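# Coordinates in review
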Amino acid sequence: MAGKRKTTKHTATKKWVLIGLIALIVVGAGGAVGYASYYNQRFKPAKINGITVTNMTASQAADKINSSDSSTSSNTINVAKSKVDVTTAEVSKLLQKRNNNGHALETASLTVSKTVSTSDYNYRINTLLPAFKAKIEAINANRTKPVNAKVTYSNGKTTVSKSQNGTALDEAAMVKAFKSQAKTDLEINVKKTIDTPATANSSAIKTTKSNLQALLNRTVKVTYGSTTWHFKASDYLKSVTATVDGKYTYNSSTLSTEIAKLANEHDTKGKSFSYKTHSGKTIKTKVGSSTYGWSIEQTKLKDAILAEFEKSSPTTLNLKNYVSGLGYGKSGVGGTRVEVNLKTLEEYAYVDNKLVFSTPVMSGTVTGSDKTPQGVFYVLYKQRNATLRGENDNGTSYASKVKYWMPFTEDGVGLHDSSWQPSSVYGNVSDRSEYHSHGCINNPPSKIKALWEVVSTDEPVVVYY
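Calculation notes
- Residues numbered from 1 in each chain as written.
- Predicted model: local features only at pLDDT ≥ 70, side-chain atom pairs only at ≥ 80, totals over all residues.
- Heavy atoms only, no water.
- Helix = DSSP H or I, 4+ residues; strand = E, 2+ residues; numbered from the N terminus.
- Buried < 20%, exposed > 50% of the residue type's maximum accessible area, 1.4 Å probe, protein only.
- Areas by Shrake-Rupley, 256 points an atom, 1.4 Å probe, with all protein chains shown as cover.
- Core = buried A, V, L, I, M, F, W, Y, C linked by side-chain atoms within 4.5 Å.
- Contact = heavy atoms within 4.5 Å.
- Pairing = 2+ DSSP bridges.
- Axes fitted to C-alpha atoms, helices over the stretch in contact; angles between N-to-C directions.
- UniProt positions renumbered as here; feature names shortened; annotations may be inferred.
- Expected span 1.5 Å × (residues − 1).
- Arc of directions from axis to C-beta.
- Parallel < 35°, antiparallel > 145°, perpendicular 65-115°, else oblique.
- Left-handed = near helix turned anticlockwise from the far one by under 90°.
- Nonpolar A, V, L, I, M, F, W, Y, C, P; charged D, E, K, R; others polar.
- Salt bridge = Lys/Arg side-chain N within 4 Å of Asp/Glu carboxyl O.

Tallying secondary structure elements over the protein gives eleven helices and 25 strands in all. For the protein, the residues scored as buried account for 37% of the 465 residues in total. About 26,000 Å² of surface is accessible on the protein, with carbon and sulfur atoms providing 50% of the total.

Structural data, given as structure tokens:
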């Protein structure tokens, strides 16, 4: 009997211990569930965008972020009025993301993402960015700019100068950072970046030196007919300073001088030259109002040569692409032309130096307001059935109808038929004082068609006395 009572007591004791353990487990579990539930709704010790939000809900955290003062630091430039508020929903997404990843209790520094609206972005770029640049420029006004190393070629030798450090801010880098932050950041706060120079040992300067040496070894060819002119960079660019942006400052005065020398030697426009007339007499043509001839466009050619120096494989240039005027390549008038002798009032037309037409004519006066200009001109255009208008010496107007009109000056002097002239005046010098034209070369109506058929636009017209 005694043994039975002992067994019953032991069993009862075990029962209460088990109940106690179950109760303890239940209490413990309830506390853990409550702890986890608390931090599902709040942040464990953490910072968002550098602002402490420990034990805060998403709504509380958003309010604190939006009401926090702008960060200030001597190492940054805070852009006033650039702040964009976050919403509770945006902070909630951050909290939810951490919970979903199983890190709701993890201490960390966080960043809330933000999509800046189009209007906010435009305001930042169009209004705040100019002010930001002005602030940098104001700071740099009292600071020294860095000096890049430079590659210089002078007197056949290439040297590299030393760079110099400065204290000025790197505006380009900071503006780039501003634009990047303007798209996504709640507040624009750009780190101050000191502008650093390109040093003598930098890859940029080494590349510049290599490119400069290659440049100086290049030659540009310019063809003129069967002649080829050679322009070697080292011959004309006696002093060159190369910069890290790949651009060069040329001392190209020698090149300009050489091109001017070639132009003076070969240009014909605006110059007088010897001309062998129909009679075999050689005359010196008058420059005066002459318009026929060609000339080298010196600046255009110089710029083209300099541009070719920049190419690894320079292209051969044809001079004809760098001239203006008529008669390119000719030292004189050429074999196809019209010739007018004012002394004898005779007109001749040649094609490839072969006489194909001749006729007596009437001209304007040799001197005075109705004079026919002397020099070398060219046929501007050809027109059938034209009306020539102008003013007579007495102030009255005239309107003369012609069947063939070939002007060779801009002010209206040309070759044409003249039905109003008596046939006896053509070639008659003594009649010029009474029957002269206003400057044009009057052709007999019976002859003008033959002249029209052998004369072309741009053909030179030589007028001499």
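Once that is clear, we can look at the nonpolar core. Core analysis: the biggest nonpolar cluster contains 34 residues, and Leu212, Phe231, Leu301, Ile305 and Phe309 have the highest contact counts within it. Per element, the largest residue contribution to this core is five residues, and it comes from helix 9 (residues 298–309). The residues touching Leu212, leaving out its near neighbours within four places in the chain, are Val151, Tyr153, Val240, Ala242 and Tyr248. Counting 20 residues, the second largest nonpolar core, distinct from the first, contains Val340, Val413, Ile441 and Val463.

Right, let's talk about the sheet that holds strand 8 (residues 219–224) for a bit. Spatially, the three strands line up as an open sheet ordered 9-8-15, and their pairing is mixed. With partners counted over all chains shown, the strands left at the sheet margins are strand 9 (227–232) and strand 15 (317–318), one partner each. The pairing of strand 8 with strand 15 spans two bridges and is parallel. Of the residues in strand 15, the one forming a bridge with Thr223 is Asn318. Against the sheet, helix 8 (residues 253–266) engages strand 8 and strand 9, with an angle of about 165° to strand 9.

Pairing within the open sheet is mixed, and its four strands lie in the order 21-22-23-24. Of all strands in the sheet, those bounded by a partner on one side alone are strand 21 (383–391) and strand 24 (441–443). For this sheet, the mean inter-axis angle between neighbouring strands, taken without regard to orientation, is 45°. The pairing of strand 22 (residues 397–407) with strand 23 (residues 414–417) spans three bridges and is antiparallel. Of the residues in strand 23, the one forming a bridge with Met406 is Leu415.

According to UniProt, the "active site" (unreviewed entry) feature falls on His416 and Cys440. The greatest C-alpha distance among the annotated residues, which extend across 25 residues, is 7.6 Å, indicating that they converge on a single site. With respect to the secondary-structure elements, His416 resides in strand 23. Not counting residues within four places of it along the chain, the set of residues in contact with His416 comprises Leu388, Val402, Tyr404, Trp405, Cys440, Ile441, Asn442, Asn443 and Ile448. By secondary structure assignment, the location of Cys440 is in the loop between helix 10 (432–435) and strand 24. Every residue in contact with Cys440, bar those within four places of it in the chain, is listed here: Met362, Ser363, Gly364, Thr372, Trp405, Gly412, Val413, Gly414 and His416.

Over its 14 residues, helix 6 (residues 203–216) runs 20 Å from end to end, which matches the ideal 20 Å to within 8%, given 1.5 Å per residue. Along helix 6, the residues classified as buried are Ile205, Thr208, Leu212, Leu215 and Leu216. All buried residues of helix 6 project into a common sector of 90° when viewed along the axis, lining one side. For helix 6, exposure combined with an orientation more than 90 degrees from the buried face picks out Ser203 and Lys206.

We now examine unusual backbone geometry. Although it is not a glycine, Asn155 adopts a positive phi angle of roughly 55°. Secondary-structure assignment places Asn155 in the loop between strand 5 (151–154) and strand 6 (157–160). For Asp458, which is not glycine, the phi dihedral falls at a positive 75°. Assignment of secondary structure puts Asp458 in the loop between helix 11 (448–454) and strand 25 (460–464).

By the element assignment, Thr144 lies in the loop between helix 4 (118–140) and strand 5. Expressed as a C-alpha distance, the spacing of Thr144 and Thr167, which sit 23 residues apart in the sequence, is 5.3 Å. Sequence-distant contacts of Thr144, that is, excluding residues within four places in its chain, are made with Gly166, Thr167 and Ala168.

Before going further, it helps to examine the packing of helix 8 against helix 9. At their nearest, the axes of helix 8 and helix 9 sit 10 Å apart, and the two run at 135° to each other. By the angle between their axes, helix 8 is oblique relative to helix 9. Crossing of helix 8 over helix 9 shows right-handed handedness. Where helix 8 abuts helix 9, its residues Leu255, Ser256, Ile259, Ala260 and Ala263 lie against Gln298, Leu301, Lys302, Ile305 and Leu306. Its residues assigned to classes, the contact of helix 8 with helix 9 shows seven nonpolar, two polar and one charged.

The subject of this paragraph is the pattern of salt bridges. On inspection of all chains with the given rule, the structure shows two salt bridges. In this structure, Lys300 and Glu297 form a salt bridge, with 3.8 Å as the shortest nitrogen-oxygen distance. A relative accessible area of 28% means that Glu297 is categorised as partly exposed. The partner of Lys311 in a salt bridge is Glu308, with the nearest N and O atoms 2.9 Å apart.

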